[in-house]
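Residue strings, one per chain:
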Amino acid sequence: MSEAKFKQIAETIISRITSGYYPPNSKLPPHRVLADELNTTPVTVAKAYQRLAEQNRVESFVGRGTFVCGESKLSQVIHASEDDATEFNFSILQPCLSHNIAALQDAFQKTAPRITPQLIGYAEHSGHQQHRQVGVEWAARYGLAGGTVENTLLTDGAQNALALLLEALTKPGDTIAVESLTYPGILAIASLMRREVIGVEMDENGMTPDSLQQVLQTARPKVVIVVPSHQNPTGVTMPAARREIIAQLIRDSNVWLIEDDIYGFLNPEPIPAICNWLPEQGFHVTSLSKAISPALRCGFIKAPDAQVDTINAHIRANIWLSSPLNYQVAAELVSSGTAFELAQRQQRLAQQRQQIVQEILHPAPPHQYGYHIWLKLPQHWQPERFVQEAAKQHLLVSSGSYFAVRQPTDHIRLSLMSINSEARFREGLTQLKALMDTYTTSTLPFQV
Ligand SMILES: Cc1ncc(COP(=O)(O)O)c(C=O)c1O
């Protein structure tokens, strides 16, 4: 084999990684498959993979294959479009904002006259007591027990909370256990902070106890992260009985739990938080982004009492405090009850959108309540190819590979709420369905 040949194959693979055709954490094709496609031998492909492994571009696991390493680029998963008129944005998980605008305008107006010197200065303990009370009430409404103004801390949204907690609870090289398909924001933090990630298998009730037990014993993670309600991306909600078992396993292993319950308000009835069984090991995270607006950047951590000072020190060192002005608006919305009404309205809207998805796409299994669906593509579509073809028709969807912790997936994630008008939403879904049903040469893998 000439040296030039395997270097050339390695470069081809790198250009595919760079273009997003092989996204971070996705599995590369088996040697023989890529060899056939690139008109070379499996030995040459193996040598190219080895070279890329030496350069930390890919990682091989015995019996599981070779996977792309690297930073999870959130901008490739989530497209924050500004043009609702020409694009169909199925990529971003946010509330239907047109329904919340009037209430937000009203809350800002009511808040303006109450701006005092105390409000616009620096505050102690991650923020004012009245603002921490917002987090206590919000989380308690949707299933968290034991939150107080002393143990509830304020962050710039849940993303900031996750980053602060991982920074505080782990160090570079430590392992974090997550659901085997998870929110790319978690993968991005781990990748930037150089933490290892291991996936825990899931079933229709979320993370499975057997897989968690195995991961706890073999990989010895420092932290387990669970998204228990309307999980991103699978849409699965963990019932109370499973939550109790997961809590028991975590308690017995003496690891930390980060419970990211940002979609908890979408449950038709509150489900007890896993943290309720783990007052000394569980960090509960939530925010107002999904029910009210991501622009508020109001996030909350309920920490074990003994950990409050440590987390506070990290908040101070990173941001000093979250904007009290935004929290003042949040306080107005929560104390008037408007926040809970908006949450309920978005919940109903999500149900209506799920019904429309049933009519047009017939996904299996059906979802009922969440903001998104995890959609299996027909066999003739490869997810990256589908995402690219959809984008040509201004349909923005998220490839499943960005959510996968080293496992192949033939799914995409569709957000149902970021298109404001129902008519546009139906139109976009109908176009997506037509594309899914299309067989063209463009569904075949790229030629080099
Ligand atoms: C599971 C999960 N956690 C956290 C976040 C980030 O939320 P925030 O806007 O509060 O930072 C998201 C946003 O999509 C999410 O899906």
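Residues numbered from 1 in each chain as written. Predicted model: local features only at pLDDT ≥ 70, side-chain atom pairs only at ≥ 80, totals over all residues. Heavy atoms only, no water.

S.K.: Break down the side chain of Ser 91 for me, citing the residues and quoting the values.
M.R.: With respect to the secondary-structure elements, Ser 91 resides in the loop between β3 (88–89) and α5 (101–111). Engagement of the side chain of Ser 91 in a polar contact is seen with the side chain of Asn 89, the distance being 2.8 Å. What Ser 91 contacts, discounting residues up to four positions off in sequence, is Val 77, Ile 78, His 79, Leu 396, Val 397, Ser 398, Arg 413 and Ser 415. (Helix = DSSP H or I, 4+ residues; strand = E, 2+ residues; numbered from the N terminus. Polar contact = N/O pair within 3.5 Å; in protein donor to acceptor, adjacent residues only side chain to side chain. Contact = heavy atoms within 4.5 Å.)

S.K.: Lay out the site of the ligand in plain terms, naming residues and giving numbers.
M.R.: Around the ligand, the structure places Gly 157, Ala 158, Gln 159, Tyr 183, Asn 232, Asp 260, Ile 262, Tyr 263, Ser 287, Ser 289, Lys 290 and Arg 297. A distance of 2.7 Å is found between an oxygen atom of the ligand and a side-chain nitrogen or oxygen belonging to Ser 287. Note that an oxygen atom of the ligand is positioned 2.8 Å from one of the side-chain N or O atoms of Ser 289. When the ligand is considered free in solution it has 400 Å² of accessible area, and contact with the protein chains removes 94% of it. It is helix α7 (residues 157–169) that contributes the most residues to the shell around the ligand, three residues altogether. In the shell around the ligand, the residues fall into four nonpolar, five polar and three charged. (Near = heavy atom within 4 Å. Areas by Shrake-Rupley, 256 points an atom, 1.4 Å probe, with all protein chains shown as cover. Nonpolar A, V, L, I, M, F, W, Y, C, P; charged D, E, K, R; others polar.)

S.K.: Can you break down the pairing of strand β13 (residues 372–376) residue by residue, with the values?
M.R.: Among the five residues in β13, four count as buried, and that is most of the element. Bridge count for β13 against strand β16 (residues 411–415) is five bridges, and the pairing is antiparallel. Within β16, the position partnered with His 372 by the bridge is Ser 415. (Buried < 20%, exposed > 50% of the residue type's maximum accessible area, 1.4 Å probe, protein only. Pairing = 2+ DSSP bridges.)

S.K.: Before we move on, can you summarise helix α14 (residues 383–392) with the specific residues and values?
M.R.: Across the 10 residues of α14, seven count as buried, placing the element largely inside the fold. Every buried residue of α14 is listed here: Pro 383, Glu 384, Arg 385, Phe 386, Val 387, Glu 389 and Ala 390. Looking at the packing, one finds that the buried side of α14 touches β14 (395–396), β15 (398–399), β16 and α15 (422–436). The N-terminus of α14 is capped by Gln 382, whose side-chain oxygen sits 3.1 Å from the backbone nitrogen of Glu 384.

S.K.: Tell me about the pattern of salt bridges, and please be specific about residues and values.
M.R.: Using the criterion set out here, one finds 13 salt bridges in the structure. When the shortest N-O distance is used, the salt bridge between Glu 332 and Arg 114 registers 2.9 Å. Placement of the pair is Glu 332 in helix α12 (residues 324–335) and Arg 114 in the loop between α5 and α6 (129–141), with a sequence separation of 218 residues. In this structure, Asp 437 and Lys 433 form a salt bridge, with 3.2 Å as the shortest nitrogen-oxygen distance. (Salt bridge = Lys/Arg side-chain N within 4 Å of Asp/Glu carboxyl O.)

S.K.: Describe the confidence of the model for the protein chain, listing the residues and the values that go with them.
M.R.: A low pLDDT score tells you not to read the predicted coordinates there in detail. Summing up the model confidence of the protein chain, the mean pLDDT is 91 and the portion of residues at 70 or higher is 95%. Note that residues 442–448 has pLDDT below 50 and, in this model, 18 contacts with residues that lie over four places away or in other chains. (pLDDT = per-residue confidence, 0-100.)

S.K.: For α6, give the residues involved together with the corresponding values.
M.R.: Its 13 residues give α6 an end-to-end C-alpha distance of 18 Å, which sits within 8% of 18 Å, the value for a rise of 1.5 Å per residue. Packing partners of the buried residues in α6 comprise β4 (152–156), β11 (282–287), β12 (298–302), α12 and α13 (338–361). Positive phi appears at Gly 143, one or two residues downstream of α6, with a value of about 115°. (Expected span 1.5 Å × (residues − 1).)

S.K.: So, the nonpolar core: which residues are in play, and what are the values?
M.R.: Among the nonpolar cores identified, the biggest contains 61 residues, and Trp 138, Ile 258, Ile 292 and Ile 301 are the most heavily contacted of them. Top contributing element to this core by residue count: α7, with seven residues. When residues of this core are assigned to domains, at least three map to each of domain 2 (76–99 + 340–443) and domain 3 (117–336). For Ile 258, the contacting residues outside a window of four places in its chain are Leu 162, Leu 165, Leu 166, Leu 169, Val 223, Val 224, Ile 225, Val 226, Phe 283 and Val 285. Grouped together as the second largest cluster of nonpolar side chains are 24 residues, Ile 356, Val 387, Ile 419 and Met 436 included. (Core = buried A, V, L, I, M, F, W, Y, C linked by side-chain atoms within 4.5 Å. Domains from an automatic or database assignment.)

S.K.: Could you give an account of the packing of aromatic side chains, with specific residues and numbers?
M.R.: Within a pair of aromatic rings, the relevant descriptors are the distance that separates the centres and the angle that separates the planes. Counting across every chain of the model gives 14 aromatic pairs. A centroid spacing of 5.0 Å and a plane angle of 70° characterise the contact between Trp 138 and Tyr 142, whose relative ring orientation is edge-to-face. Ring centres 5.5 Å apart and planes at 25° place the aromatic pair Trp 138 and Phe 340 in the stacked group. Within this pair, whereas Trp 138 is found in helix α6, its partner Phe 340 is found in helix α13, the two being separated by 202 residues in sequence. As far as the burial class goes, Trp 138 and Phe 340 line up, both buried. Between the NZ or CZ atom of Arg 141 and the centre of the ring of Phe 340, over which it lies, the distance is 3.8 Å. Taking NZ or CZ as reference, Arg 424 lies 4.0 Å from the ring centre of Phe 88, over its face. (Phe/Tyr/Trp six-rings, centres within 6.5 Å; stacked < 30°, edge-to-face > 60°. Lys NZ or Arg CZ within 6 Å of the ring centre and 35° of its normal.)

S.K.: Could you give an account of the sheet that holds strand β9 (residues 223–226), with specific residues and numbers?
M.R.: Spatially, seven strands are ordered β4-β12-β11-β10-β9-β5-β6 in an open sheet, and the strand pairing comes out mixed. Looking at strand neighbours, the two that pair on one side only are β4 and β6 (196–200), the edges of this open sheet. Each adjacent strand pair in this sheet contributes to an overall mean axis angle of 25°, direction not counted. Relative to β12, β11 runs antiparallel, the two being bridged by four bridges. Looking at the pairing, Val 285 lines up with Ile 301 of β12. Contacts from helix α11 (residues 308–319) reach β4, β11 and β12, with the element oriented near 25° to β4. (Axes fitted to C-alpha atoms, helices over the stretch in contact; angles between N-to-C directions.)

S.K.: Explain a nonpolar patch on the surface residue by residue, including any values.
M.R.: Where nonpolar side chains cluster on the molecular surface, the patch consists of Ile 115, Ile 120 and Leu 325 and spans about 270 Å² of accessible area. Relative to the helices and strands, Ile 115 resides in the loop between α5 and α6. Assessed through its relative accessible area of 41%, Ile 115 is described here as partly exposed. (Patch = residues over 30% accessible without salt bridge, like charges linked within 9 Å, V, L, I, M, F, W, Y side chains within 5 Å.)

S.K.: I'd like to hear about the sheet that holds β16, residue by residue, with values.
M.R.: Sheet strands pair via backbone hydrogen bonds, and the direction of the pair is either parallel or antiparallel. Overall, antiparallel pairing links the three strands, which are arranged β13-β16-β15 in an open sheet. Looking at strand neighbours, the two that pair on one side only are β13 and β15, the edges of this open sheet.

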